[in-house]
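Survey of secondary and tertiary structure
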Amino acid sequence: MAATILVVEDEPGIQEVLKFNLGQHGHDVIVAADAEDALGLLRGALPDLILLDWMLPGMSGIDLARRIRADQRLRSVPIIMLTARTEERDKVLGLDTGADDYITKPFSPRELMARIKAVLRRRAPQMTEDPVEVAGLKLDPVSHRVYGDGMPLDLGPTEFRLLHFLITHPERVYSRSQLLDHVWGDHVFVEERTVDVHIRRLRGALEGTGHDKLIQTVRGAGYRLSETVV
Ligand code: CA
């Protein structure tokens, strides 16, 4: 389960420890030293998860978490707060501001990895390696295979990620720009019609078993994966 993780932390020592440990577990790490820096990075690509230090110079981690939760585009990114032991009494406040979890410094790398995994499993099921099945269409992230009624189907890497996202969020409509954020990780440098191209290819790959009907166009809104064929 490799994720792109934005670390917002001002202490270089802790930045290094996090970079090393997350990297060892296959995660890509982006580091911001303060909230302004983090907001700048978030304007480009969305990470899969944010590790957010409570005490930052300038805007605090709590205020940044509030900003992120109030932002239409950023609100779905999971946040784990890093807090010092003395701040632990305030943890409820941290969770109320929209953090998904918190971890107390000094932390064990093992505990941190377990919490990251749990938060991703809950908030971003497309990041996990659990197989998913809807209406006979099955996707297995471990073997990177897709089956339609038990028959192997041939998907390109982008179509695979697109299907993985849609099949783990069934019955929900996503706009092109939301899909760019979640599947491409970027809504700035890729054109929206790129999404249409890959949706077309995905449908083509699913056609053989009739599962292309699950990928539905919602006029004026975007796309959804639904078992209910209209
Ligand atoms: Ca700090």
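Now for a look at the structure at hand. (Residues numbered from 1 in each chain as written. Predicted model: local features only at pLDDT ≥ 70, side-chain atom pairs only at ≥ 80, totals over all residues. Heavy atoms only, no water.)

1. As for the coordination of the calcium ion
Cut-off, in case you're wondering: Listed donor atoms are N, O and S within 2.8 Å of the metal (Na, K and Ca: 3.2 Å). As water is not included, a site may look incomplete. Under the scheme applied here, a residue whose accessible area is under 20% of the maximum for its type counts as buried, over 50% as exposed, and between as partly exposed, the area being computed with a 1.4 Å probe on protein chains only.
Taken together, the protein ligands of the calcium ion are Asp10 (OD), Asp53 (OD) and Met55 (O), with distances of 2.1 to 2.3 Å. Look at where the donors of the calcium ion fall in the sequence and you get D-x42-D-x1-M. Taking the relative accessible area as the measure of exposure, Asp53 reaches 3% and is therefore buried.

2. What to know about the side chain of Gln216
Filter applied, for reference: By definition, any uninterrupted DSSP run of H or I lasting at least four residues is a helix, any uninterrupted run of E lasting at least two residues is a strand, and each is numbered from the N terminus. Definition of a polar contact: a pair of N or O atoms within 3.5 Å, with one able to donate and the other able to accept a hydrogen when the atoms are protein atoms, and with sequence-neighbouring residues admitted only if both atoms are side-chain atoms.
Residue position: Gln216 is located in strand 10 (residues 215-218). We classify Gln216 as buried; its relative accessible area is 8%. In terms of polar contacts, Gln216 uses its side chain to reach the backbone carbonyl oxygen of Lys213, at 3.5 Å.

3. Some thoughts on the sheet that holds strand 7 (residues 137-140)
Our working definition: Strand pairing follows a simple DSSP-based rule, namely that at least 2 bridges must link the two strands. Fitting a line to C-alpha atoms yields each axis, with helices limited to the stretch in contact; the angle taken between N-to-C directions then spans 0 to 180 degrees. Contacts are assigned to residue pairs with any non-hydrogen atoms lying within 4.5 Å of each other.
In space, the 4 strands of this open sheet follow the order 6-7-8-9, with antiparallel pairing throughout. Only two strands of the sheet have a single partner each, and these edge strands are strand 6 (132-134) and strand 9 (151-153). Strand-to-strand twist of the sheet, defined as the mean angle between neighbouring strand axes without regard to direction, takes the value 25 degrees. Direction of pairing for strand 8 (residues 145-148) relative to strand 9: antiparallel, over a ladder of 3 bridges. Within strand 9, the residue paired with Val146 across the bridge is Leu153. Packing of helix 6 (residues 157-168) onto the sheet brings it into contact with strand 6, strand 7 and strand 8, and relative to strand 7 it is tilted by some 115 degrees.

4. Digging into the pairing of strand 5 (residues 101-105)
Counting buried positions along strand 5 yields 5 of 5 residues, so the element is predominantly enclosed. Side chains Asp101, Ile103 and Lys105 of strand 5 all project onto a buried face; the interleaved residues Tyr102 and Thr104 project onto the opposite face, where all are buried too. Note that strand 4 (residues 79-84) and strand 5 share 5 bridges and pair parallel. Bridge assignment links Leu82 to a residue of strand 5, and that residue is Ile103.

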